[in-house]
Amino acid sequence: MNEYEIKLREVFAWCMACGWTIVDLHLLFNHIKNVVHYRRLWTDADTPETTALAAWGRDDAIVDLHQFMRARCFPDSIRMAVIWLYNHTP
């Protein structure tokens, strides 16, 4: 098992231990997906305008995800695993 799978399982196991529903999981993974999506747009941007727009979207998505984690009382270890996941998702 690689590090990506370990982090993903760690996050998922914590969610299951908290009794999360499929809706809760969808919200979490959608927030993570948004960060990854805007990071990809930022990486692939080819003009200053598209770079700025993608960076703005990425930064907003990161703030939204962190607010979600704070509201759901994520422990630091799980927050770090989520951050690692969105930074290492290709």
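In what follows, the accompanying structure is described. Remember, it's a predicted structure, so these values are computed and weren't measured experimentally.

Let's talk about the packing of aromatic side chains
Item 1. Under the counting rule described, the total for this entry stands at six aromatic pairs.
Item 2. Plain terms: the ring middles of Trp14 and Trp20 are 5.7 Å apart, the flat faces sit at 65 degrees to each other, and that makes the pair edge-to-face.
Item 3. Using a relative accessible area of 17% as the deciding quantity, one classes Trp14 as buried.
Item 4. When the centroid spacing of 6.3 Å and the interplanar angle of 65 degrees are considered together, the rings of Phe68 and Phe74 count as edge-to-face.
Item 5. One aromatic cluster is present, built from ring pairs that chain together Trp14, Trp20, Phe68 and Phe74.
Item 6. The ring of Trp42 carries the charged tip of Arg58 above its face, separated from the ring centre by 4.5 Å.

So, how was this worked out
- Residue numbering note: each chain is counted from 1, following its sequence as written.
- Totals for whole chains, interfaces and linings use every residue, but because this is a predicted model, local features are given only for residues with pLDDT of at least 70 and side-chain atom pairs only at 80 or more, for both listing and counting.
- In computing side-chain properties, one takes all heavy atoms of the structure into account and sets aside hydrogens as well as water.
- We call Phe, Tyr and Trp rings a pair once their centres come within 6.5 Å, taking the six-membered ring for Trp, and we label the pair stacked below 30 degrees between planes, edge-to-face above 60, and tilted otherwise.
- Burial classes follow relative accessibility: with a 1.4 Å probe on protein chains only, a residue under 20% of its type's maximum area counts as buried, one over 50% as exposed, and anything between as partly exposed.
- Here, over-ring charges are defined by two tests on the NZ atom of lysine or the CZ atom of arginine: distance to the ring centre within 6 Å, and angle to the ring normal within 35 degrees.

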